[in-house]
Each structure stands twice: as structure tokens, then as C-alpha cells.
Amino acid sequence: MSDDNSELSARQRDEARAALQRDLPFALSPSGSFPSPEGGPDLLATSDIVVEAQQIAAVARYLRASLNYIYLSNITAVDLLAHGCFELVYHFYRLSGGPALTIKTRLPREKPELPSLTPFWPGAAFQEREAYDLFGIVFKGHPDLRRIYMWDEFEGFPMRKDFVRQGDKYLSE
Amino acid sequence: MLSTDELQINIGPQHPSTHGVFRLLTRLEGETIIELTPVFGYLHRNHEQLGEANSYLQNMPFTDRLDYFNSMANNHAYALAVEKLAGIEVPERAEYIRVIMVELTRILNHAGAIGFLFNDMGAWQTQLAFSMREREKILDLFEMVSGARMMCNYFRFGGVVRDLPPEFLPALQDLLEAMPAFIDELERLLSENEILLARTQNIGILPKELAISYSVTGPMLRASGIPYDIRKAEPYSIYDRFDFDIPIGSVGDVYDRFLVRIEEMRQSRRILLQALEQLPDATGSHINPKARQNVRPPVGDAYTRIESPKGELGFYLVSDGSTKPYRYKIRAPSFINLTPLGDLCRGHKIADVVVILGSIDIVLGEVDR
Amino acid sequence: MPSDDAVQSDLEQQGVFFSTLNRFYNWGRRSSVWPMAFGLACCAIEMMATGLSRYDLARFGAELFRASPRQADLMIVAGTVTKKMVPQVVRLYNQMPEPRYVISMGACATSGGPFRDGYNVVRGIDLYIPVDVYVPGCPPRPEALLHALMTLQSQIDRQNLKQVRWYGKKARPQSQDFPVPSYGPHGLEIDGKLVDPVGSLPLISSYSSPMEGEQRRDQIEHPELVRVFPDMERELREETSASYAEALEGEDQHVRR
Ligand code: SF4
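Since the structure is predicted, the reported quantities are computational estimates derived from the model, not experimental observations.

Student: Break down the interface of chain A and chain B for me, with residues and values.
Tutor: Contacts between chain A and chain B engage 48 residues on the former and 47 residues on the latter. Interface area, chain A with chain B, both sides summed: about 4,000 Å², of which 57% is carbon and sulfur. Summed over the three residues of chain A that lose the most area to chain B, namely Y71, F126 and Y149 of chain A, the buried surface amounts to 18% of that side. The tally of links between chain A and chain B comes to four salt bridges. Across the pair K329 of chain B and E130 of chain A runs a salt bridge, and its minimum N-O distance is 4.0 Å. Our count for the contact surface shared by chain A and chain B stands at 19 residue pairs in polar contact (both at pLDDT 80 or more). Those elements giving two or more residues to the side of chain A that touches chain B turn out to be β2 (71-80), β3 (85-93) and α3 (125-135) of chain A. No other element matches β2 of chain A, which puts ten residues into the side of chain A that touches chain B. Of the residues in the side of chain A that touches chain B, the class split is 28 nonpolar, ten polar and ten charged.

Printed below as a string of C-alpha cells:
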């Protein structure tokens, strides 16, 4: 059963990649624009579709208009400290069912900025604010980009891997 | 002509109707809401950061505390994510036990949600006492299998931690037999009370298109008339073996949301009866004996989602090949279901705010994480 | 007046009641403790379950959950207290009329519990307000909360009207307000001084119980004093290597012989 699902999601992915190649070729990101650390695990290697960060809004709208992925479910930010970048992972669905289409995009750690999806999917508003609060990722065009969990006076982005932590749990670090 | 000034009112974070430590900033014209902004973070417990410091198994009890009404459902979503990441098989019997637990959780959650709705509308604790009575019966079953009432920590990678005790199945059978009477009573209370009808019908309407663009999931999405249930749309576990219906609403108001919940309780009971029938034939034991609990998944990522009682509960895990997740993200249904709250309340009276909020059915442990 | 409890209960069985003012007054207070409806997290659900039909807190006279701190005697801190929530909790406590009591319910309210090392979690509410009864558990079972209430009632019984601050001619009706922390860029601040840095241990000590004068205990927790747990693996390793050496020794002798 899970084999069915993984086959299905691979097929969906290939279809979407082919369609993007045809209609938005400039949006597909060339892989390897961020260095991989020596010795450590290569977290950048992926079989999912990786797009250019600045084109994410165009890609998302294309997916909705042409490929019927009208449901934006999940936005995740990942701090890849060793690679010097943030990765943003978007999960889209079709209402007719089926597994998620995963779209990834990468941002330099020094200037994490990309277009917001909130103007097109208001459901992204809180998730983008969360990524801003905890990782410091700036979503351009977000109508209300404020901290969501921590208080406004707070400095720093606690979910970044280089944020100071202390306590019994972190003794081994 | 009397003129009214604009008024700002702050509700919460300590307020009996906000379902925990939730805060609402409202701007009012008379008694009508012009603008409503939710404020989060009063229960931000850093699940995600602690999840990166824990090993995979250590995170299991933490998921209990996300949506503390539905610890079994949270366990299930997390176990699925790790199993996908590490490629662990689950024996059939374990799948049945899991489904039984999660469906019981759904009944428990919906009964509680409806109890709180009455509470919010001023029937101070009457209905809540009935719902909690039902909840206690289910908690007894949970305690029987896991040893804890609320924080069950019952699932393991590749199964569940121990098999059902012999007295469990008869007790469950008794519970299911007594359940229709309870559900009917609940429905009568809701649909035959005129005050209730006046306060819930045509309040907080969420149209279909908005529901989709707001990424709303769960009973709220279905009340708006979209038959999307992950158990059918992307069947996980063994949900493709059961016969059940997806109830949908026609208007998308508060009333519909609760009718959908009541109907879902009936459907859950149907699933439970089928699971009870099929359980004796299931192969395998309660856990895959080859599954290791101190997993070390290969480098990669996995996203799994389940239809938790509140909506789509997803876990996104990134593994760097060590014993701890590199990234541990929770897609919390009630957090994202809150997005349309401001729009839903605009134009309604301030007394309706608590009812609308109650109909979204939030749990702060999950909203703030 | 009988001071002997045994004589007194004997008489009570006969229908004769004697009391001191102190005892009578405390009996009144302990029999209707009104808690504040104040749930923070998971533990609040168990607190509610305690109040409802199965466990029935009403048997102990404490079923009247009040939504306003002005009408409450008891604050049950049920759940995780986050740094963002502390100012509100302290303010609510300051608004309660005296005499007031606090039950710290669950591991989180007592010490931070499972979330102790989170950047937004307070390591025990007693850093900010004095606590009378602590209840362990995560979440404590309703029975445990009932026991906590009974413990509190026996504490109330033992209070002496001549000694308490809030009764009599020399009463100071409201003791000084407890300082309400404010949000700073790196954590919670009191009077502009950082007291609870985010990502690190608190720099203030906890309060003692009201029975002991609600003073801050004199020790200060410092970040350098992080407890170090024994390195289990290393001990295991040493043990194994020791037994291994022993076995080798035997081997040697065997060979030599
Ligand atoms: S002690 Fe446990 S149950 Fe209580 S609030 Fe903390 S995590 Fe939740």
C-alpha cells in the first residue's frame, strides 16, 4: 500500500517536473548552487523538485492554475547550517486526493528573502509568520509579517541551529 | 442620532472561553466586530526545538502533549512518519489496534468539542458533564492498554507497545453498544433547542472557496461542503478496508460544523465495529519484532499526514543519519484552521466570537506547540 | 475548652461541639476554597475532569471555579508556564485578595517538566510567586489533585490567626505586590535586569512557601552550575573492561600453568 503511494507520488512529481520544464524553465533551480560540507551528510541531495527561490510565487500559481494543486498544506523551514542555506519545503495537494507534491527552494543564510504566498493563499499567513519568527526568513509581500510566538521585543531567531541553548538536554552538544 | 465610538477590547489570555491561553484583540463598533486579531505564543513550548535534541523514540511522549485531547492520534502520525523514514513494516494486528485507538480518540474529541460549545453558549458545564462522562469511559479503555489516562505514549515504531489485555475487547463492545444512545441524546440537545439554533445557524459561515484558500482541514472543511477526508483521499494504515461515509455540511456555519462532528462520531463507531469483527483474523502480533526502537534512519526526509480529529496532522522529519531528527516539524491542524477566524467573526456580535472560536475546536498545545 | 483532639471528637459524636475562634474560622475557610478557572495546558484538562462528575471536587467544597481572580482564593497553576505568560500569571496572582493559595499542578508548573530546556519555558512558577502545594505528575491524576487540595486544607487548619499577616488589627491587607516581569530582548526582565535569559538558566532564586514568609531563598542559580549527569556509557565501558581484564588474568594463569 505504501508502495502504491510512493509510486503515485513519484509519477506526480515527474509529471509536474516535466510541465514546469516546459512552461517555466527559468524557475527550476540548478542543483549544487550551495556547497556541501566535507564528511558530513549531504542534506541537499533530493529527488524532489527544487525551484528558484524568487520564482516560488510564480511556480505555486502555475501549479494551482495548470496542474490543479489548489491546496497548500504545509510550509516548513529547515536550517542547513553546514551548507550555509535555508531550505523551504512546500506541500501541495489536489482536492481529488493523492499524495503531496513537494516543492523545495533554497535561500542563502545571509539574506533569506523570498516572495510570500499569502496574497494567493491566505492560509499561508500564519505559517510564514512562524518561519519568520523562528528562522528569520523574510517573506516579501506578506501583509503582516510580525513575530507570532515570541514577544515583539525579542531578538534572535530561536530555531536556527546556531542559537544558544543551555540545559540538561543540551549537555552533550 | 446616537453616535458610537470605536472600542477596543482585549479577550484573554486568561479568559474562560478562549479554550486555554489564547488572546484576541478586537475592535468593535457598538457590539459588532470590525476587526479581530488573534495573538499566539502563550503556550509556545518549543516542541520543535526539543524534538531536535531528543532521539526519535524520546519524541513519542512529546507528541502526546501536542493536542492533549488526542494523544493516540498524535502518536499515530509521528509513528507513521518515522516508519516511512526508516522503512519499518507494521504487522496487521498492530494496524487494527492503532485504528481502534485513533477512532476512539475521535469520538472522545468530538464529544468534548460539543460539550465545550454548550459551555461557551452559557449552558455552564451541563453538557460538558455529559461529554466528560463519556470521555472517562474511553479513558478507562486507554488506561487499560497503556497505563495512562491522557498521555498514553502507546505507539511504537512498527506497532504498539503491548498487546490488548483480555478484558479490553468486551469492554469496548459494551461501550459501543451504549454509544448510540449517547450520540442521539447529544444530537437532540443540539438540534431541538431553539436558543441554540438561533445562536449557531448562519453564524460564522465559511464558503467553499475560502475554506480551500485558507488551508482549512478536518470537520471545518467538510462542514463547508468539501468531502475531503485523508482517510479516503490518501488512505494510510488500513483505512481502505473499512466502509464509512464522509459527512459534509451544506451551509458551512457553526451549526453544520457540529452536525458534521456528530455524524463523524457515528462513522467512527461504524469503523470500530468493523475493526472488532476483523481483528481476530489479523495476522502478526502487536509489534513487528524486527523493528528497532533506537532507529537511525538513512539521510532523507519524510512527510506523513493523518486525519486527526481536528484536521490534517502532519509530521515533516529530516534525518541526517544520526539518532536524532535534524528537523522535526509539526503541521498542526488547529493552528492553520485558525487563519480564517478574523474573517469569520467580522460583522458578527462579540458574543458570537466565542461560539465561532469553539466551532473551530482548537487546542492550544497544538496551536502554539 | 478542650485542647485534646480525642476528647473533642468524642464529644462531637455525642452532638456537643466546642471550638476555638481560630478553629471555627479556619474550618469555614477550608470548606469553601474557590479556585480560579485558570487552565494553561494539558494539566487543565485533568483539573476540569477533577471538577466534574466522576471525581467531584465539590465533595471538598472547592467546585466553584471563578473566572475572575478577585473572587478566588486558590490559583491552581495547571500547565506549562511560558515566559510570554509569566507577566499575566503574576498579575493575576497580585489581583487575588488575601488570603490566597497556590497549587502548582504538574511537572511543568513545578519545574518546567518535559519542556524544561525550551527557550520559552519557565523552570518552575515558584521563581515568580510562592507556592503552597506541589503536585508531581505529568499530568497528575485527578486523585492527586484531590490529595493536593486536602493537603492545602490541612495547611489552612494549621494557620494561626494571631500570626498571619492578613488578619486582626495590625493586618496589612495586601502584602506588597509581587514584581511583574517584563519582556526584554534576551528574556524576562525585572526592573530592567535580566532574570530569565532565553536559552539559559534563570538568574533568580525561587520563593519560599507563604508559611515561611514568602521570601526569596538566598541561593542563586547560576549557569555554571548546570548539573552533570553521570556518563552511563563510560561507566558501563569501565565496568566491562574491568571484567574483561579479570577474565584475561585467568587466561594468563591458565597459560602459565
Ligand atoms: S506537566 Fe505534563 S501534562 Fe501537565 S502541562 Fe506539563 S506536559 Fe502537560
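Structure shown, so let's carry the discussion forward.
Student: Give me the lowdown on the packing of helix α5 (residues 126-146) of chain B against helix α3 (residues 42-51) of chain C, citing residues and values where you can.
Tutor: Direction vectors running N to C along α5 of chain B and α3 of chain C enclose 105°, while the axes themselves pass 10 Å from each other. By the criterion of interaxial angle, the relationship of α5 of chain B to α3 of chain C is roughly perpendicular. Packed against α5 of chain B, whose contacting residues are L128, M132, R135 and E136 of chain B, the element α3 of chain C presents I45, E46, M48 and A49 of chain C at the interface. Residues belonging to the contact of α5 of chain B with α3 of chain C are distributed by class as follows: five nonpolar, no polar and three charged.

Student: Tell me about the site of the ligand, and please be specific about residues and values.
Tutor: Taken together, 16 residues sit near the ligand, with C42, C43, A107, C108 and C138 of chain C positioned nearest. More than a single chain frames the ligand: its nearby residues are located in chains B and C. Here the ligand is seated within the largest cavity. Put simply, the parts of the chain that give the shell around the ligand at least two residues each are α3 and α5 (106-111) of chain C.

Student: How would you sum up the sheet that holds strand β4 (residues 101-108) of chain A? Please name residues and give values.
Tutor: Residue and element names in this part refer to chain A. Ordered by their spatial adjacency, four strands build an open sheet running β1-β4-β3-β2, and the pairing between neighbours is mixed. Each end of this open sheet is capped by a strand with a single partner; those strands are β1 (49-51) and β2. On average, each strand axis in the sheet is inclined to that of its neighbour by 25°, with strand direction left out of account. Sheet analysis places β1 next to β4, joined by three bridges and oriented parallel.

Student: So what's going on with the packing of helix α3 (residues 71-86) of chain B against helix α4 (residues 92-120) of chain B? Which residues, and what values?
Tutor: Residues and elements named next belong to chain B. Remark: α3 packs on α4, axes separated minimally by 8 Å, with the N-to-C direction vectors making an angle of 140°. Relative to α4, the element α3 is oriented oblique. In contact with M72, A73, H76, A79, L80 and E83 of α3, α4 contributes R98, M101, V102 and T105. Grouping the constituent residues of the contact of α3 with α4 by class yields six nonpolar, two polar and two charged.

Student: I'd like a rundown of the packing of aromatic side chains, residues and numbers included.
Tutor: One pass over the structure, following the stated rule, counts 27 aromatic pairs over all chains. Here the aromatic rings of F24 of chain C and W27 of chain C are separated by 5.9 Å at their centres, their planes lie at 25°, and the arrangement is stacked. A residue pair is termed a helical-turn pair when its members lie 3 or 4 positions apart in one helix, as F24 of chain C and W27 of chain C do in helix α2 (residues 21-31) at three residues. Three or more aromatic residues joined by ring pairs make a cluster, and in this case those are F126 and Y149 of chain A together with F22, F40 and F335 of chain B. In this structure, R231 of chain B is placed above the aromatic ring of Y239 of chain B, and the distance from its NZ or CZ to the ring centre is 5.9 Å.

Student: Summarise the sheet that holds strand β3 (residues 32-39) of chain B; cite the residues concerned and give the values.
Tutor: Residue and element names in this part refer to chain B. What the three strands build is an open sheet, ordered β1-β2-β3; its pairing is antiparallel. Two strands in the sheet have a free side with no partner beyond their single neighbour: β1 (6-11) and β3. Neighbouring strand axes in the sheet, compared pairwise and without regard to direction, differ in orientation by 20° on average. Pairing geometry for strand β2 (residues 23-29) and β3, over seven bridges, is antiparallel. Its bridge partner lying in β3, L28 is registered against I33. Contacting β1, β2 and β3, helix α14 (residues 350-360) runs over the sheet at an angle of about 145° to β2.

Student: Help me get a handle on empty space enclosed by the protein, residues and values and all.
Tutor: For the structure shown, the criterion picks out five cavities of 30 Å³ or more. Contributing to the lining of the largest cavity are 13 residues, with R45 of chain B together with C42, C43, C108 and C138 of chain C lying nearest its centre. Those elements giving two or more residues to the lining of the largest cavity turn out to be α3 and α5 of chain C. Per-class residue counts for the lining of the largest cavity are nine nonpolar, two polar and two charged.

Student: Lay out the nonpolar core with the relevant residues and their values.
Tutor: Counting 213 residues, the largest nonpolar core has Y90 of chain A together with M75 of chain C as the members making the most contacts within it. The element that contributes the greatest number of residues to this core is α4 of chain B, accounting for 14 residues. Not counting residues up to four positions away in its chain, the partners in contact with M75 of chain C are M36, F38, V89, L92, Y93, M96, Y101, V102, I103 and I129 of chain C. Membership of the second largest hydrophobic core comes to 24 residues, among which are L57, M105, V133 and L152 of chain C.

Student: Please provide a residue-by-residue account of the environment of V295 of chain B, values included.
Tutor: All names here are of chain B. For V295, the location among the structural elements is in the loop between α11 (254-278) and β6 (300-308). Taking the C-alpha atoms as reference points, V295 and V82, 213 residues apart in sequence, are found 8.5 Å from one another. Among residues more than four places away in sequence, those in contact with V295 are Y56, V82, A86, I88, F157 and T323.

Student: I'd like a description of the pattern of salt bridges, backed by residues and values.
Tutor: In total, this model carries 50 salt bridges over all chains according to the counting rule given. In this structure, the salt-bridge partner of E130 of chain A is R369 of chain B, at a minimum N-O distance of 3.3 Å. Here E130 of chain A, found in helix α3, pairs with R369 of chain B, found in the segment after α15 (364-367), and the two come from separate chains. Of the two residues, E130 of chain A and R369 of chain B, neither departs from the other in class, the shared state being buried. Two residues, R199 of chain B and D352 of chain B, come together in a salt bridge whose shortest N-O distance is 4.0 Å.

Student: How would you summarise the pairing of strand β5 (residues 187-190) of chain C if you had to cite specific residues and measurements?
Tutor: Residue and element names in this part refer to chain C. Bridge analysis of strand β4 (residues 182-184) against β5 gives three bridges, and the strand direction is antiparallel. Bridging from a neighbouring strand, Y183 pairs with L188 of β5. Note: β5 against strand β6 (residues 193-197), four bridges, orientation antiparallel. For I190, the partnering residue across the bridge sits in β6 and is K193.

Student: Which residues make up unusual backbone geometry, and what values go with them?
Tutor: Along the chain, E98 of chain C connects to P99 of chain C via a cis peptide bond; the corresponding omega equals -5°. Tracing the backbone shows P99 of chain C in the loop between α4 (86-95) and β2 (101-105). Residue P139 of chain C follows C138 of chain C across a cis peptide bond; omega there is -10°. Of note, N68 of chain A is a non-glycine position whose phi angle comes to about 75°, a positive value. Tracing the chain through its elements places N68 of chain A in the loop between α2 (56-67) and β2. One non-glycine residue, S237 of chain B, adopts positive backbone phi at about 50°.

Reading the values: the criteria
- Residues numbered from 1 in each chain as written.
- Chains lettered and ligands numbered in written order.
- Predicted model: local features only at pLDDT ≥ 70, side-chain atom pairs only at ≥ 80, totals over all residues.
- Heavy atoms only, no water.
- Contact = heavy atoms within 4.5 Å.
- Buried area = accessible area lost by both parts, 1.4 Å probe.
- Salt bridge = Lys/Arg side-chain N within 4 Å of Asp/Glu carboxyl O.
- Polar contact = N/O pair within 3.5 Å; in protein donor to acceptor, adjacent residues only side chain to side chain.
- Helix = DSSP H or I, 4+ residues; strand = E, 2+ residues; numbered from the N terminus.
- Nonpolar A, V, L, I, M, F, W, Y, C, P; charged D, E, K, R; others polar.
- Axes fitted to C-alpha atoms, helices over the stretch in contact; angles between N-to-C directions.
- Parallel < 35°, antiparallel > 145°, perpendicular 65-115°, else oblique.
- Near = heavy atom within 4 Å.
- 1 Å grid on protein atoms, 1.4 Å probe; cavity = no way out; pocket = protein on both sides within 12 Å on 5 of 7 lines; lining within 4 Å.
- Sits in = over half its atoms within 2 Å of the grid points.
- Pairing = 2+ DSSP bridges.
- Phe/Tyr/Trp six-rings, centres within 6.5 Å; stacked < 30°, edge-to-face > 60°.
- Lys NZ or Arg CZ within 6 Å of the ring centre and 35° of its normal.
- Points joined across faces, edges and corners; volume = space filled by probe spheres on them.
- Core = buried A, V, L, I, M, F, W, Y, C linked by side-chain atoms within 4.5 Å.
- Buried < 20%, exposed > 50% of the residue type's maximum accessible area, 1.4 Å probe, protein only.

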